[in-house]
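Chain and residue survey
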Amino acid sequence: MAEYHCVYKMEFPVDEWGRPGGMYSLADVPIAEYKMLTRDGVIEAQDKKREMYKVRDVEKNFVRWVHYDDVTVGREADVT
């Protein structure tokens, strides 16, 4: 299967410095708030019925299901 790079948006718990925290971090720093972050990813699968992509985060390597509306694939993703 070909790799499809993308940019996706998802709400994450963040620490006081704006970094993904909680289970997305190895640091034991309290969660300051929840923010919508834009991150680079690779699409691993799709669920057409629920309109979701299974996206692997490039930097942290975790996998999450993200709605089609929150994923940009292809040339548009390469520009950002």
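Let me sum up the structure you'll find in this document. (Residues numbered from 1 in each chain as written. Predicted model: local features only at pLDDT ≥ 70, side-chain atom pairs only at ≥ 80, totals over all residues. Heavy atoms only, no water.)

The subject of this paragraph is the packing of aromatic side chains. Counted under the stated rule, the structure contains two aromatic pairs. Ring centres of Tyr53 and Tyr68 lie 4.6 Å apart, and the angle between their planes is 40°; on these two criteria the pair is classed as tilted. Within this pair, whereas Tyr53 is found in strand β3 (residues 52-57), its partner Tyr68 is found in the loop between β4 (63-67) and β5 (71-73), the two being separated by 15 residues in sequence. Overall, Tyr53 belongs to the buried group, its relative accessible area being 17%. Its guanidinium or amino end placed over the ring of Phe12, Arg39 lies 5.9 Å from that ring's centre, counting from NZ or CZ. (Phe/Tyr/Trp six-rings, centres within 6.5 Å; stacked < 30°, edge-to-face > 60°. Helix = DSSP H or I, 4+ residues; strand = E, 2+ residues; numbered from the N terminus. Buried < 20%, exposed > 50% of the residue type's maximum accessible area, 1.4 Å probe, protein only. Lys NZ or Arg CZ within 6 Å of the ring centre and 35° of its normal.)

What follows deals with the pattern of salt bridges. On inspection of all chains with the given rule, the structure shows five salt bridges. The shortest N-O distance in the salt bridge between Arg39 and Glu59 comes to 3.4 Å. Within this pair, whereas Arg39 is found in strand β2 (residues 33-47), its partner Glu59 is found in the loop between β3 and β4, the two being separated by 20 residues in sequence. The exposed category is assigned to Glu59, whose relative accessible area is 60%. Asp47 is the partner of Arg50 in a salt bridge, and the nearest nitrogen-oxygen pair spans 3.1 Å. Taken together, the shared-partner salt bridges connect Arg39, Asp57 and Glu59 into one network. (Salt bridge = Lys/Arg side-chain N within 4 Å of Asp/Glu carboxyl O.)

Here we take up the side chain of Asp57. Mapped onto the elements of the fold, Asp57 is located in strand β3. In this structure the side chain of Asp57 is engaged in a polar contact, spanning 2.6 Å, whose partner is the side chain of Tyr8. Ignoring any residue separated from it by four or fewer positions in sequence, one finds Asp57 in contact with Tyr8, Arg39, Asp40, Gly41 and Phe62. (Polar contact = N/O pair within 3.5 Å; in protein donor to acceptor, adjacent residues only side chain to side chain. Contact = heavy atoms within 4.5 Å.)

The values reported here are purely geometric and, on their own, carry no functional implication.
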